[in-house]
Amino acid sequence: MDGEILIEARHLSRRYGPTLAVSDVNLTLRKGEILGLLGPNGAGKSTTMKMLCGCLSPSQGEVLINGQSMQVKPEAAKRSLGYLPEQPPLYPEFNVDEYLGYCAGLHGISRAERVAAVTRAKQACGLSHMAKRNIANLSKGYQQRVGLAQAIIHRPPVIVLDEPTVGLDPIQIQEIRALIKELGREHSVILSSHILPEIQAVCSRVAIIDKGRIVFAEAMDVIQRESFGSIVLGLRRP
Ligand code: ATP
């Protein structure tokens with residue numbers, strides 16, 4: 001892959017008190033990629049994703065966005081990234097239009113442009129027919145579509161999706177995976193997951209994280225299925 005580098009994590013580490021949650025992580029995301037961050041529970045995926053988005057400061061290291069340090073230019077992160085956290089802050093009493101309009105405002109989209117931005121995000125995420133439904137009354141799958149729609153509301157070049165299929169039923173999982181692939185046509189994507197088949201189905205490249213460290217990073221098309229499986233299985237062997 002030789003697209004331009006959009007995000008570069010350099011030697012990222014993060015401590016929570018005595019716990020070293022992420023240690024010396026180096027990652028790049030290039031234009032056009034869907035990069036999977038695969039790892040078991042507690043491996044450091046969410047901590048890494050939060051640092052990539054600027055929601056959490058690293059204890060050491062830095063994140064570059066389009067070559068500029070996020071620490072120096074934090075506003076670049078807001079403009080360039082859309083983030084779907086593991087537990088998105090949806091407001092259940094809002095309907096879809098109201099919520100996405102509110103999110104558009106948070107991103108500084110003017111009132112005049114807000115309706116068009118909301119319409120585009122709803123269309124991209126299959127939500128047009130749900131516009132007036134309260135978020136509380138949507139299925140989990142549709143709530144996750146709303147989460148994806150807020151992540152793309154400002155048309156960021158990159159979207160960062162933290163375990164977006166957790167808690168969904170099998171049909172919803174298939175639908176959300178297909179939607180992420182579709183969104184990957186317009187946005188470069190970083191997707192975290194602990195599910196190997198999900199990464200294989202959706203991603204063009206994978207980085208495996210275990211105990212806070214990247215232990216493997218490769219393009220999907222050069223990975224033999226068997227060897228990939230044994231790497232993943234080997235992670236938790238004593
Ligand atoms: P999961 O899939 O379970 O969400 P994860 O791979 O996203 O796991 P993290 O949530 O990044 O992993 O957690 C990495 C490590 O840091 C774990 O040991 C976790 O217990 C610890 N940790 C995460 N958040 C905090 C926090 N706020 N305070 C203290 N320790 C934390």
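To be clear, the structure that these remarks concern was listed above.
Keep in mind the model is a prediction, meaning the values are calculated, not measured. (Residues numbered from 1 in each chain as written. Predicted model: local features only at pLDDT ≥ 70, side-chain atom pairs only at ≥ 80, totals over all residues. Heavy atoms only, no water.)

Novice: Would you mind going over a nonpolar patch on the surface with me for this structure?
Specialist: On the surface, Y91, Y102 and L106 cluster together to form a nonpolar patch covering roughly 270 Å² of accessible area. Looking at the secondary structure, you find Y102 in helix α3 (residues 96–106). (Patch = residues over 30% accessible without salt bridge, like charges linked within 9 Å, V, L, I, M, F, W, Y side chains within 5 Å. Areas by Shrake-Rupley, 256 points an atom, 1.4 Å probe, with all protein chains shown as cover. Salt bridge = Lys/Arg side-chain N within 4 Å of Asp/Glu carboxyl O. Helix = DSSP H or I, 4+ residues; strand = E, 2+ residues; numbered from the N terminus.)

Novice: Would you mind showing me how to read the pattern of salt bridges here?
Specialist: If charged atoms from side chains of opposite charge come close, those side chains can pair. Evaluation of the coordinates by the stated rule reveals 10 salt bridges. Linking D97 and K122 is a salt bridge whose minimum nitrogen-to-oxygen distance equals 2.7 Å. Here the residue D97 occupies a position in helix α3, and K122 occupies one in helix α4 (residues 111–124), the gap between them amounting to 25 residues. As far as the burial class goes, D97 and K122 line up, both buried. (Buried < 20%, exposed > 50% of the residue type's maximum accessible area, 1.4 Å probe, protein only.)

Novice: How should the packing of aromatic side chains be read in this particular structure?
Specialist: Working definition: an aromatic ring pair is given by the centre-to-centre distance plus the angle between the planes. For the structure shown, the criterion picks out 4 aromatic pairs. Ring centres of Y91 and F94 lie 5.5 Å apart, and the angle between their planes is 45 degrees; on these two criteria the pair is classed as tilted. Its relative accessible area of 24% is what places F94 among the partly exposed residues. Measuring from ring centre to ring centre gives 6.0 Å for Y91 and Y99, while their planes differ by 65 degrees; the resulting arrangement is edge-to-face. (Phe/Tyr/Trp six-rings, centres within 6.5 Å; stacked < 30°, edge-to-face > 60°.)

Keep in mind these numbers describe shape, not what the thing actually does.
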